[in-house]
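As a plain string of letters, each chain reads:
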Amino acid sequence: MSERFDIVIVGGGHGGAQAAMALRQLAFDGSIAIVGDEPELPYDRPPLSKDYLAGEKPWERMIFRTAEAWAERGVALRLGRRVVSISVDARAVTTVEGDAIGYGQLIWAAGGIPRRLTCAGHDLGGVHYVRSRADADRIMAELSAAREVVVIGGGYIGLEAAAVLTKLGKRVTVLEALERVLARVAGAPLSRFYEVEHRAHGVDVRVGTAAQSIVGENGRVAGVRLGDGTILPAQLVIVGIGINPAVEPLLAAGAEGTNGVAVDGQCRTSLDGIFAIGDCAEHANAFAGGARLRLESVQNAHDQAAIAAKAIMGGAETYSAVPWFWSNQYDLRLQTVGLSIGYDAIVQRGDPASRSFSLVYLRDGAVIALDCVNMVRDYAQGRALVAQRARPDPGQLADPGVPLKTLAA
Ligand SMILES: Cc1cc2nc3c(=O)[nH]c(=O)nc-3n(C[C@H](O)[C@H](O)[C@H](O)COP(=O)(O)OP(=O)(O)OC[C@H]3O[C@@H](n4cnc5c(N)ncnc54)[C@H](O)[C@@H]3O)c2cc1C
């Protein structure tokens, strides 16, 4: 075995980097290595579809720490190394190059892999995904030659990319196969608001419309064919249709899991000495009524990293953090708190036309989530309502003049 560390963290993204730091903050004094397949120092991923893509955030401000700072904290970085298998008996991971790295305990923080198009033309040049710095750099390198861009998928990443590219002067079309954008994550009023906003900024938003195939010319994308035969001209296609959890080696080693890898309240997998955190970890979430799910957010990656680190240090704390998320599009800052899954009523606070409003999601009269657009105060104060599953008077809740903190228990 070429190397051995007390803790090996697979994946140098949000969860992996945070787990290493959390262990050091808890005074863990054993050896730690992060083994990540990207060549870059661990960095902040959300700007890839926001200010980094817009050319407004330099790379130096994306990394969490310099190489020296990682070394000072005693965290060995093994970057550009992809783990392809795990031997639970030998307590070692193996990289694609065939190197074995031994571990005392393993934290799997490998995130997700963008879901790929499978239609004809999916592999043409100019068809891109947005998950890594390399992805964003490839898009940016081709931008100057693109007048028309088709974004496939009206989720957060697709819409953020559409906002950036439209600001950069591109003619952007967003194709969303479902009847509204953000359909999987938000209520209809929020979807309609963003559709109106994007159209007002010149984006051609087409809902209920799927790409049938990608049309090519000399190996590069030239357009996107729709079901009715229309071809939308495009020199660049950006695909944002979700991720698949990156867990193959773990499942092959025998870990349980159907949607990612299953973890308990302390982020332990079913395999001895192996934890999993972040986008790939399927857990029971108290804010979804105990339903088992994966969350794809910085909050979840960070908080699960802290829980796994505490468990390694012998703590008993279990994961119960209030979920939160944000998205920046144009001058709109969306902040969400809680999980709206399973809501049966939505109360609107403020007028979407003012571009500053909130949606409060209720289930059986209890607040389960808020989506706040340019409404920092509601976001900050609404958190307590979600945490307490408060049952405010609907009339007061709908009045934006009533501060949410007065409605908490
Ligand atoms: C473009 C974009 C915008 C986003 N915007 C927001 C936002 O506004 N707000 C928000 O809360 N969240 C946002 N997210 C989601 C957020 O970035 C993720 O939830 C978070 O990064 C998850 O952390 P993670 O550690 O689980 O995975 P990641 O940060 O993805 O890190 C996983 C790392 O593991 C590596 N890896 C995978 N497999 C292997 C392997 N076999 N061997 C070695 N390394 C491996 C990956 O390459 C990657 O570097 C965004 C994500 C993207 C892609």
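Refer to the structure printed above.
Computed from a predicted structure; not experimentally measured.

## Points about the overall build of the protein chain
Regarding its fold elements, the protein chain presents nine helices and 25 strands. A globule of 409 residues ought to have a C-alpha radius of gyration of about 22 Å, and the protein chain, at 22 Å, matches this closely. For the protein chain, the spread of C-alpha atoms along the principal axes amounts to about 65 × 60 × 35 Å. Here the protein chain, with 409 residues, has 54% of them falling under the buried criterion. Restricting the contact set of the protein chain to residue pairs at least 6 apart, pairs at least 24 apart contribute 60%. Per element, the accessible surface of the protein chain, about 16700 Å² overall, is 50% carbon and sulfur. Charge separation in the protein chain, taken as the distance between the mean sites of 41 positive and 45 negative side-chain charges, equals 2 Å.

## With respect to the sheet that holds strand 11 (residues 204-207)
Either a parallel or an antiparallel arrangement is found when strands of a sheet pair, and the pairing is made through backbone hydrogen bonds. Strand order in this open sheet of five strands is 8-15-9-10-11, and the pairing throughout is parallel. Only two strands of the sheet have a single partner each, and these edge strands are strand 8 (127-129) and strand 11. The mean angle between the axes of side-by-side strands here comes to 20°, regardless of whether they run parallel or antiparallel.

## Digging into helix 8 (residues 376-388)
Between its terminal C-alpha atoms helix 8 stretches 19 Å, which fits the 18 Å expected from 13 residues at 1.5 Å a residue. Maximum bend of helix 8: about 30°, positioned at Gly382. The complete set of buried residues in helix 8 reads Asp378, Tyr379, Gln381, Gly382, Leu385 and Val386. Elements in contact with the buried residues of helix 8: strand 21 (324-329), strand 22 (332-338), strand 23 (345-349), strand 24 (357-363), strand 25 (366-373) and helix 9 (394-397). Positive backbone phi, approximately 50°, marks Arg389, located one or two places after helix 8.

## A look at the environment of Glu317
In this structure, Glu317 sits in the loop between helix 7 (298-312) and strand 21. Taking the C-alpha atoms as reference points, Glu317 and Ala306, separated by 11 residues in sequence, lie 9.6 Å from one another. If we ignore the near neighbours within four places in the chain, the residues touching Glu317 are Gly265, Gln266, Ile307 and Lys310.

## Here we look at the packing of aromatic side chains
A complete count under the given rule lists eight aromatic pairs for this structure. Ring geometry for Phe193 and Tyr194: centres 5.2 Å apart, planes at 80°, overall edge-to-face. For Phe193, a relative accessible area of 7% puts it in the buried group. Seen in terms of ring centroids, Phe325 and Trp326 are 6.5 Å apart; in terms of plane orientation they differ by 35°. Their pairing is tilted. Taking the relative accessible area as the measure of exposure, Trp326 reaches 19% and is therefore buried. An aromatic cluster is present here, built from Tyr156, Trp324, Phe325 and Trp326 joined pairwise through their rings. Sitting over the face of the ring of Trp70, Arg65 holds its NZ or CZ atom 5.6 Å from the ring centroid. The side chain of Arg389 reaches across the aromatic face of Phe287, ending 4.4 Å from its centre.

## What about the site of the ligand?
Among the 31 residues in the neighbourhood of the ligand, the closest are listed as Asp37, Glu38, Lys50, Arg131 and Asp279. In this structure, an oxygen atom belonging to the ligand sits 3.2 Å away from a main-chain N or O atom of His14. Asp37 is positioned such that a nitrogen or oxygen atom in its side chain is 2.5 Å from an oxygen atom of the ligand. Among the elements of the structure, helix 1 (14-25), strand 2 (32-36), helix 7 and strand 21 are those that each provide at least two residues to the shell around the ligand.

## Some points on the packing of helix 1 against helix 7
For the pair helix 1 and helix 7, the least separation of the axes is 8 Å and the interaxial angle reads 35°. Handedness of the helix 1/helix 7 crossing: right-handed. Where helix 1 approaches helix 7, its residues His14, Gly15, Gln18, Ala19, Ala22 and Leu23 are matched on the opposing element by Val298, Ala301, His302, Ala305, Ala306, Ala309 and Ile312. The residue makeup of the contact of helix 1 with helix 7, split by class, is nine nonpolar, four polar and no charged.

## Topic: the sheet that holds strand 22
Here five strands make up an open sheet; going across it, the order is 21-22-25-24-23 and the pairing antiparallel. The sheet is open, and its two borders are formed by strand 21 and strand 23, each paired with just one other strand. Sheet twist, expressed as the mean angle between neighbouring strand axes with direction ignored, is 15°. Alignment of strand 24 against strand 25, held across seven bridges, turns out to be antiparallel. Bridged to Ser358 within strand 25 is Cys372. Its contacts with the sheet put helix 4 (residues 156-167) on strand 21 and strand 22, and the angle it makes with strand 21 is roughly 25°.

## Quick notes on the nonpolar core
In terms of nonpolar packing, the biggest core is built from 48 residues, with Ile9 and Ile107 touching the most fellow members. Setting aside its immediate chain neighbours within four residues, Ile9 contacts Gly16, Ala19, Ala20, Ile32, Ala33, Ile34, Val35, Ile107 and Ala109. Of all hydrophobic cores here, the second largest spans 42 residues; its members include Tyr43, Val172, Leu182 and Leu236.

## Notes on the state of the cysteines
In the structure shown here, the tally under the stated rule is zero disulfides. The thiol sulfur of Cys267 is not disulfide-bonded, and the nearest other cysteine sulfur, from Cys280, lies at 9.8 Å.

Rules and cut-offs
- Residues numbered from 1 in each chain as written.
- Predicted model: local features only at pLDDT ≥ 70, side-chain atom pairs only at ≥ 80, totals over all residues.
- Heavy atoms only, no water.
- Helix = DSSP H or I, 4+ residues; strand = E, 2+ residues; numbered from the N terminus.
- Rg over C-alpha atoms; globule rule 2.2 N^0.38 Å.
- Buried < 20%, exposed > 50% of the residue type's maximum accessible area, 1.4 Å probe, protein only.
- Contact = heavy atoms within 4.5 Å.
- Areas by Shrake-Rupley, 256 points an atom, 1.4 Å probe, with all protein chains shown as cover.
- Lys, Arg positive; Asp, Glu negative; His and termini not counted.
- Charge placed at Lys NZ, Arg CZ, Asp CG, Glu CD.
- Pairing = 2+ DSSP bridges.
- Axes fitted to C-alpha atoms, helices over the stretch in contact; angles between N-to-C directions.
- Expected span 1.5 Å × (residues − 1).
- Bend = angle between axes of the 7 residues up to and from the residue.
- Phe/Tyr/Trp six-rings, centres within 6.5 Å; stacked < 30°, edge-to-face > 60°.
- Lys NZ or Arg CZ within 6 Å of the ring centre and 35° of its normal.
- Near = heavy atom within 4 Å.
- Polar contact = N/O pair within 3.5 Å; in protein donor to acceptor, adjacent residues only side chain to side chain.
- Left-handed = near helix turned anticlockwise from the far one by under 90°.
- Nonpolar A, V, L, I, M, F, W, Y, C, P; charged D, E, K, R; others polar.
- Core = buried A, V, L, I, M, F, W, Y, C linked by side-chain atoms within 4.5 Å.
- Disulfide = S-S within 2.5 Å.

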